[in-house]
Amino acid sequence: SETGQPAADADPEAEAEEEMTEAIEEHEGQQQPHRERPSTPEDVIAAACEVLAREASEISGDDVRRLRAAWNLLKPADAPEADGEAVPEPDAEAVAAAMKQEEMFAAILAQIRDKKAAWTAQQDAQRAANLERKNAIIGEINALAEDTDNVNRTFPRYRELQDEFNALGEVDPTEETAVWK
């Protein structure tokens, strides 16, 4: 509701569908001409493949949440009570096809997760290497600072170390303050 309070009679499926539509429209507005919200399992699988094709750094948790929300919107609700009528048996081929699509979607999501995890691990390793090198540079600068008799001779090396330090990439955010002290 507009007051920020959830409506007492809010329909979670309708809200999820609205969020998905807004997210897709926002994404499409950034990259592609307008497309309809994925309305079939094939559409959602195609959208998942598009996410998988992106660079790992461009994949967000919101992308995966939107895909899952779209997939969940396609799932049929629990079978309604039959008003005295016999409930038809599900078609075995349709059930098998749906299971295959579900497995395919799950496999694509697993690939996305693995791709993002590998990228994150690589970024963490790079930050750790940057931290190690920055600490080594700090140690060398401290050693140069102790030699107060040869400031003119050590100053060019100090400048080189300073430039190298500044050129290094990010370190773990929890270590950032300690490195600059």
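For the structure itself, consult the block above.
Calculation criteria
Residues numbered from 1 in each chain as written. Predicted model: local features only at pLDDT ≥ 70, side-chain atom pairs only at ≥ 80, totals over all residues. Heavy atoms only, no water. Phe/Tyr/Trp six-rings, centres within 6.5 Å; stacked < 30°, edge-to-face > 60°. Helix = DSSP H or I, 4+ residues; strand = E, 2+ residues; numbered from the N terminus. Buried < 20%, exposed > 50% of the residue type's maximum accessible area, 1.4 Å probe, protein only. Lys NZ or Arg CZ within 6 Å of the ring centre and 35° of its normal. 1 Å grid on protein atoms, 1.4 Å probe; cavity = no way out; pocket = protein on both sides within 12 Å on 5 of 7 lines; lining within 4 Å. Points joined across faces, edges and corners; volume = space filled by probe spheres on them. Nonpolar A, V, L, I, M, F, W, Y, C, P; charged D, E, K, R; others polar.

1. Observations regarding the packing of aromatic side chains
And then number 1: With the rule as written, the count across this model stands at two aromatic pairs.
And then number 2: Aromatic pair W71 and F105: ring centres 4.4 Å apart, planes at 5°, arrangement stacked. Taken as a pair, W71 in helix α3 (residues 61-74) and F105 in helix α4 (residues 92-146) lie far apart in primary sequence, 34 residues in all.
And then number 3: Given a relative accessible area of 6%, W71 falls into the buried group.
And then number 4: Using a relative accessible area of 4% as the deciding quantity, one classes F105 as buried.
And then number 5: The side chain of K134 reaches across the aromatic face of F165, ending 4.8 Å from its centre.

2. Description of the layout of surface pockets
And then number 1: The computed volume of the largest pocket comes to approximately 200 Å³.
And then number 2: For the largest pocket, the full set of lining residues is I138, I141, N142, Y158, Q162, F165, N166, V179, W180 and K181.
And then number 3: With four residues, the single largest contributor to the lining of the largest pocket is helix α5 (residues 151-167).
And then number 4: Among the residues forming the lining of the largest pocket, the class breakdown is six nonpolar, three polar and one charged.

Remember that the coordinates give geometry; whether it matters functionally is a separate question.
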